[in-house]
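Spelled out, the chains give:
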2 protein chains.
Amino acid sequence: MSEKTAAIVVIGNEILTGKSQDKNASFLINELYQLGITLGRIVVIPDDPVDIAGSVRECAGRFDFVFTSGGIGPTHDDVTIEGIARAFDRKVVRNPELEALIRGYFGDGVDEVRLRMADAPQGAVLVWAEGELRWPILTVENVYVLPGVPELFRSKFAALRDRFRAQPFHTRTVFTMQDEFDIAEAMNQLAADHPRVIIGSYPSFTSGDYKVKITLESKDAGAVEVALSALLAVLEPSALVRTE
Amino acid sequence: MSEKTAAIVVIGNEILTGKSQDKNASFLINELYQLGITLGRIVVIPDDPVDIAGSVRECAGRFDFVFTSGGIGPTHDDVTIEGIARAFDRKVVRNPELEALIRGYFGDGVDEVRLRMADAPQGAVLVWAEGELRWPILTVENVYVLPGVPELFRSKFAALRDRFRAQPFHTRTVFTMQDEFDIAEAMNQLAADHPRVIIGSYPSFTSGDYKVKITLESKDAGAVEVALSALLAVLEPSALVRTE
């Protein structure tokens, strides 16, 4: 089964200093999961073109899709375009299509500051979502450049969403009152026996309801069910809390 | 002024798939900021020893302190120790001090699964917080290995906290109803004139209260106040909402 992968690069000093809480990566985590895309990495970095270039270059080489969040406004701390250009060893140039849009939108009010929003890495491709966005989404190779403002991030991603639809994940979850130490060996064997199923084991020390949450996940629903049966066969029935 | 830097490496498929929400990085962001430590990067990666090794090696080389979260239990998906060992080209060995603790704690109930918790990268150093923790914190060079369970992550970090105290950050914040495009040039000049002050500009399209939030930050409180005066001199007084 073909597996599509993604990374998220969140750009912004405000996240790293706690001035703003990230809302975009946490939104995209759930979107990508629902789409069946395997999220392989999230990186949060400062407004620094060298950092941005390094993270984008690495992620673009390793994952099918990269989504950046933030750093695309008109002020000195908006250096995402410069960082992405460096990641691909390209120049930043004025994009004629974006320039025409900005001139059309601002009319006589256009100035050099507003026109800076038309600067893009050479060879950037604009993605339009007709009827949904009045502004295109800038892409460079497999990198989708999204704004940091959460409302805009969401509306832009919503317009792109269907491009990324893949086979869905199937997940089952089992809760038990057994101690994780006492099931660890069985879990390790289960993981070895079911290589197509990703098995997670998460202890809780504060929930009175259960001691360990076990998750089984795969794109192959049948494989998940087979692993679930095998799991239930090795767990202590009297300690089983529930299966979801 | 000496500047101490840190990175956070969050390890866990459950975060990347949305099964659990990160609570540890978001907690540590605020702790580090209050301590005066510059957080330079957050990385979220899967339970994969190669990924862990790569991220830990890179962060340990670039930042003064690295905090890992997660992946240190007894099951197959707990591979943080192996990953950190690889990051420093060390073997995983049974740590005698940890082994003695585990044998003392479990008594006759000790078994190979429980003893696995005594495995650590060769040369790991245990940090004790007398009277606060009954279990030491494992460190390898500048890497602090913390558990993923949020309650444990917090209590362990709380015990370490005072080791990381640095000079505090000073921050002032200004809210204006001016459009970000109309203040961008002045902001860029301000940033160039006050290189010791980190200036952030954050537009809001949903708050009726303000259009742009401007933050001024430095370890030099005087420099922040000087930049604040310069900022207030260039903003339109009638559009000023408030200064914090």
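Computed from a prediction, not measured in an experiment: that's the story for all the values here. (Residues numbered from 1 in each chain as written. Chains lettered and ligands numbered in written order. Predicted model: local features only at pLDDT ≥ 70, side-chain atom pairs only at ≥ 80, totals over all residues. Heavy atoms only, no water.)

1. Regarding the overall build of chain A
A count of helices and strands for chain A gives 9 helices and 12 strands. The C-alpha atoms of chain A give a radius of gyration of 23 Å, which is well past the 18 Å a tight globule of 244 residues would have. Each of the three principal axes of chain A carries a C-alpha extent, and together these read 75 × 35 × 30 Å. Considering only contacts within chain A whose residues lie at least 6 apart along the sequence, 70% involve residues at least 24 apart. Put simply, chain A shows about 10700 Å² of open surface, and 50% of that area lies on carbon and sulfur atoms. (Helix = DSSP H or I, 4+ residues; strand = E, 2+ residues; numbered from the N terminus. Rg over C-alpha atoms; globule rule 2.2 N^0.38 Å. Contact = heavy atoms within 4.5 Å. Areas by Shrake-Rupley, 256 points an atom, 1.4 Å probe, with all protein chains shown as cover.)

2. A word on the sheet that holds strand E11 (residues 212-218) of chain A
Residues and elements named next belong to chain A. Read across the sheet, 4 strands follow the order E10-E11-E9-E12 without closing on themselves; strand pairing throughout is antiparallel. The strands lining the two open edges of the sheet, one partner per strand, are strand E10 (198-203) and strand E12 (240-243). Between one strand axis and the next, the sheet turns through 15° on average, direction left out of account. Taken together, the 3 bridges between strand E9 (residues 170-176) and E12 define a ladder with antiparallel strand orientation. Counterpart to Val174 in the pairing with E12 is Thr243. (Pairing = 2+ DSSP bridges. Axes fitted to C-alpha atoms, helices over the stretch in contact; angles between N-to-C directions.)

3. A short note on the relation of the copies chain B and chain A
Overlay of chain B on chain A (RMSD 0.0 Å): rotation 180°, translation along the axis 0.0 Å. Here the transformation between the copies is reduced to the relation of a two-fold axis. Taking C-alpha positions as the reference, the residue of chain B nearest the rotation axis is Val43 of chain B, at 2.3 Å. Counting the interface residues of chain B, we find that 100% of their copies in chain A are interface residues as well, pointing to one common contact surface. (Least-squares fit on C-alpha atoms with pLDDT ≥ 70 in both.)

4. So, the packing of aromatic side chains
Throughout the structure, instances matching the rule amount to 26 aromatic pairs over all chains. Seen from their ring centres, Phe175 of chain A and Tyr210 of chain A are 4.9 Å apart, and the 70° between their planes marks the pair as edge-to-face. Linking Phe175 of chain A in strand E9 with Tyr210 of chain A in the loop between E10 and E11, this pair joins segments that are 35 residues apart in sequence. Take Tyr210 of chain A: its relative accessible area is 16%, and that puts it in the buried class. Summarising the aromatic geometry, the rings of Phe157 of chain B and Phe164 of chain B are spaced 6.0 Å apart at their centres and angled 5° between planes, so their arrangement reads as stacked. Phe164 of chain B shares its class with Phe157 of chain B; the two are buried. (Phe/Tyr/Trp six-rings, centres within 6.5 Å; stacked < 30°, edge-to-face > 60°. Buried < 20%, exposed > 50% of the residue type's maximum accessible area, 1.4 Å probe, protein only.)

5. Focus: the interface of chain B and chain A
Bring the parts together and some accessible area is lost; that lost area is often taken as the interface size. With 57 residues of chain B at the interface, the matching set in chain A holds 57 residues. Ranking the residues of chain B by area buried against chain A places Lys19, His76 and Phe181 of chain B at the top, with a combined share of 15%. Run the count over chain B and chain A and you get 8 salt bridges. A salt bridge links Arg114 of chain A to Asp182 of chain B, with the shortest nitrogen-to-oxygen separation between them at 2.8 Å. For the interface between chain B and chain A, the tally reads 14 residue pairs in polar contact (both at pLDDT 80 or more). Across the side of chain B that touches chain A, the residue classes tally to 25 nonpolar, 16 polar and 16 charged. Judged from the 3 bridges that link them, strand E2 (residues 38-45) of chain A and strand E2 (residues 38-45) of chain B form a sheet pairing that is antiparallel. Across the sheet, the residue bridging to Val43 of chain A is Val43 of chain B, located in E2 of chain B. (Buried area = accessible area lost by both parts, 1.4 Å probe. Salt bridge = Lys/Arg side-chain N within 4 Å of Asp/Glu carboxyl O. Polar contact = N/O pair within 3.5 Å; in protein donor to acceptor, adjacent residues only side chain to side chain. Nonpolar A, V, L, I, M, F, W, Y, C, P; charged D, E, K, R; others polar.)

6. Regarding the confidence of the model for chain A
In the predicted model, chain A carries a mean pLDDT of 94, and the fraction of residues at 70 or more is 99%. Scored by ipTM, the complex comes to 0.94, with pTM at 0.94. (pLDDT = per-residue confidence, 0-100.)

7. Topic: unusual backbone geometry
All names here are of chain A. Even without glycine at this site, Asp89 takes up a positive phi of about 50°. For Asp89, the position within the fold is in the loop between helix H4 (80-87) and strand E4 (92-94). You can call Asp89 exposed: its relative accessible area is 71%.

8. Brief notes about the pairing of strand E7 (residues 137-140) of chain A
Residue and element names in this part refer to chain A. Both faces of E7 are covered, namely the face carrying Ile137 and Thr139 and the face carrying Leu138 and Val140. Direction of pairing for E7 relative to strand E8 (residues 143-146): antiparallel, over a ladder of 3 bridges. Paired with Thr139 across the two strands is Tyr144, which belongs to E8. Between E7 and E8, which pair antiparallel one after the other, the connecting turn spans 2 residues, and Glu141 there sits at a positive phi close to 50°.

9. Some words on the nonpolar core
Phe67 of chain A together with Phe67 of chain B are the most contacted members of the largest nonpolar core, which totals 56 residues. The residues contacting Phe67 of chain B, other than those within four sequence positions of it, are Ala6, Ala7, Ile8, Val9, Leu28, Leu32, Tyr144, Leu146, Phe157 and Phe164 of chain B. Ranked by size, the runner-up nonpolar core spans 28 residues in total, among them Ala7, Ile11, Ile52 and Val145 of chain B. (Core = buried A, V, L, I, M, F, W, Y, C linked by side-chain atoms within 4.5 Å.)

10. With respect to the side chain of Thr80 of chain A
Residue and element names in this part refer to chain A. Tracing the sequence through the fold places Thr80 in helix H4. A polar contact is formed between the side chain of Thr80 and the backbone oxygen of Gly70, at a distance of 2.7 Å. Filtering out sequence-adjacent residues up to four positions away, Thr80 remains in contact with Ile11, Ile52, Thr68, Gly70, Gly71, Ile72 and Val145.

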